[in-house]
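Descriptive analysis of the structure
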Amino acid sequence: MIRLVLRDLRLAVRAGGGFGLALAFFLIACVLVPFSVGPESGRLASIAPGMLWVGALLACLLSLDRIFATDFEDGSLELLATAPLPLEALALSKSAAHWLTTGLPLSLAAPVLALLLNLPSAAYGSLVLSLLIGTPALSMIGTFGASLTVGLKRGGLLLSLLVLPLYVPTLIFGSEAVSRAAAGQGIATPLLLLALITLGSLAVLPFACAVALRGNLR
Amino acid sequence: MTAPLLALTGLHCSRGGVPVLEDVSLTLHPGEAVVVRGPNGSGKTTLLRTVAGLQPVTRGAMARDGDSIAYVPHANGVKGTLSVAENLAFWAGLHGVDGVDAALDALALGAARNRRAQTLSAGQKRRLALARLLVTGRPLWLLDEPTDSLDEASVRLFADLVRTHLASGGAALIASHVDPGLDARVLDIAALKPTGPDARFADEAFL
């Protein structure tokens, strides 16, 4: 599994901008917000938690269709399916690699962008924390969507439509945690619910991915 | 006699829900190779994919160990941005087998080991895909048109590879139009076309 994660990371770096794509998108989205809603700092501060989370979520969505597509196109996926690695582990490794190239850099870059959106400084810690807890769920759910649509030409649209509703709970609890922190309230409840979603999807979805992959490889 | 590595009895297989082959029976013992022959669209790939476990068996029985299979499909599964040695090292690591250098040398790729795989020619990529067989450590080779885009010298190299593999107790099921000069049995599947009511769609559904 580690080998597969390492290979995917290496492929992402060699392909140029493996880490950069999601980050650049996140940056652009957050930079554009002050231009569109105006520079008034109070208004920006009130929408900042939501905008940051929406930006991170959309940035995650951007690279989902490549999770299995490249391996499917060059035949590697069939080889991986006949390798000693079970498909469940394959799905878990793929989503881990996706998280390391999107979720993790997004979480670490978020405070810098929060500055642009005038997020109260008290909420910086919980922003990073909520993204670190929540983005693995985004990657895992996205991997599930990608395994459902692997092999479809132009599957990206269908993938987004499938995955977006599943992303909603993560988004709600993630931005709720940041808003509460900005307002000086306790954040334990939304963070726990966020962790629940992440752990639940990590426990269940690899098996669903494997079933979907098996069906799509036929 | 040792136990067969592969035993098919009255196997039916289908591709995309359309029956492609009926009543395939075949036994493959260690040290044996079988060349599957048949015109385009007759179901060679479908047969190999079924044996590889990528497709379900519609009817009949298939006995083989899923962990004994090394499959080389049409596509090479080569990552262009990784070097030749890195490509192979990944598969070797996944299968827990050493011998990347030996495998590269066996297919005359030693000189290209540090080149990016995207700079290889089609024949070299094919040889890299075949080198993967050596780092799986698995006895039952399923080869789909292995000599695709190989030159004469490489075809001989490939034939030697298969002979060595057979001599060490392996077996190979090869779908090929070209005769690589192996002393192998031939399974002609052209006659095994399905006769059921859906049969007329078989050719269209193959692709």
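Residue indices follow the written sequence of each chain, beginning from 1 at its first position. Here chains are named by letter from A upward and ligands by number from 1 upward, in the order in which they appear as written. Local features in a predicted model are, by the rule used here, given only for residues with pLDDT of at least 70; side-chain atom pairs are given and counted only at 80 or more, and totals for whole chains, interfaces and linings are based on all residues.

Considerations on the overall build of chain B
- By the criteria applied, helices consist of DSSP H or I runs no shorter than four residues and strands consist of E runs no shorter than two, each listed in order from the N terminus. When its secondary structure is counted, chain B shows six helices and eight strands.
- Tracing chain B from N to C terminus, the helices and strands come up as β-β-β-α-β-β-α-α-α-β-α-β-β-α.
- Here the radius of gyration uses the C-alpha set of atoms, whereas the globule reference equals 2.2 Å times the residue count to the power 0.38. A compact globule built from 207 residues would reach a C-alpha radius of gyration of about 17 Å, and chain B, at 17 Å, matches this within 12%.
- Taken along its principal axes, the extent of the C-alpha atoms in chain B is 55 × 40 × 30 Å.
- Buried residues are those with 20 or more other C-beta atoms within 10 Å of their own C-beta, exposed residues have 12 or fewer, and partly exposed residues lie in between; C-beta atoms are placed from the backbone. The buried share of chain B, taken over its 207 residues, is 43%.
- Sequence separation of 24 or more characterises 74% of the internal contacts of chain B that already satisfy a separation of 6 or more. We call two residues in contact whenever the C-beta atoms placed from their backbones are within 7 Å.

Observations regarding the interface of chain A and chain B
- Between chain A and chain B, the residue contacts involve 18 residues of the former and 19 residues of the latter.
- Looking at the side of chain A that touches chain B, the elements that each hand over two or more residues are α1 (2-14) and α5 (76-82) of chain A.
- Ten residues, namely Ala, Val, Leu, Ile, Met, Phe, Trp, Tyr, Cys and Pro, are considered nonpolar, four, namely Asp, Glu, Lys and Arg, are considered charged, and the remaining ones, Gly among them, are considered polar. Residue composition of the side of chain A that touches chain B, by class: eight nonpolar, three polar and seven charged.

Examining the environment of S46(A)
- For S46(A), the position within the fold is in helix α3 (residues 41-62).
- Distance in space between the C-alpha atoms of S46(A) and A183(A) is 9.5 Å, their sequence separation being 137 residues.

Side note on the sheet that holds strand β4 (residues 59-63) of chain B
All names here are of chain B.
- Strands were regarded as paired on the criterion that DSSP finds at least two bridges between them. On the basis of which strands lie adjacent, the open sheet formed by three strands has the order β2-β1-β4 and antiparallel pairing. The open sheet terminates on both sides in strands that have one partner only, identified here as β2 (18-28) and β4. Neighbour to neighbour, the strand axes of the sheet diverge by 30° on average, direction disregarded.
- Fitted lines through C-alpha atoms give the axes, limited to the stretch in contact for helices. The angle between two N-to-C directions lies from 0 to 180 degrees. Each of β1 (6-15), β2 and β4 is contacted by helix α1 (residues 44-52), which is oriented at about 120° to β1, the strand it contacts most.

What about the pairing of strand β5 (residues 69-72) of chain B?
All names here are of chain B.
- Of the two faces of β5, both are covered, the one formed by I69 and Y71 as well as the one formed by A70 and V72.
- As paired elements, β5 and strand β6 (residues 140-144) share four bridges and run parallel to each other. Bridging across to β6, Y71 finds its partner in L142.

What to know about α1(B)
Residue and element names in this part refer to chain B.
- The buried fraction of α1 amounts to eight of the nine residues, a majority that puts the element mostly inside the structure.
- Within α1, the full set of buried residues consists of K44, T46, L47, L48, R49, T50, V51 and A52.
- Remark: G53 follows α1 within two positions and exhibits a positive phi of approximately 90°.

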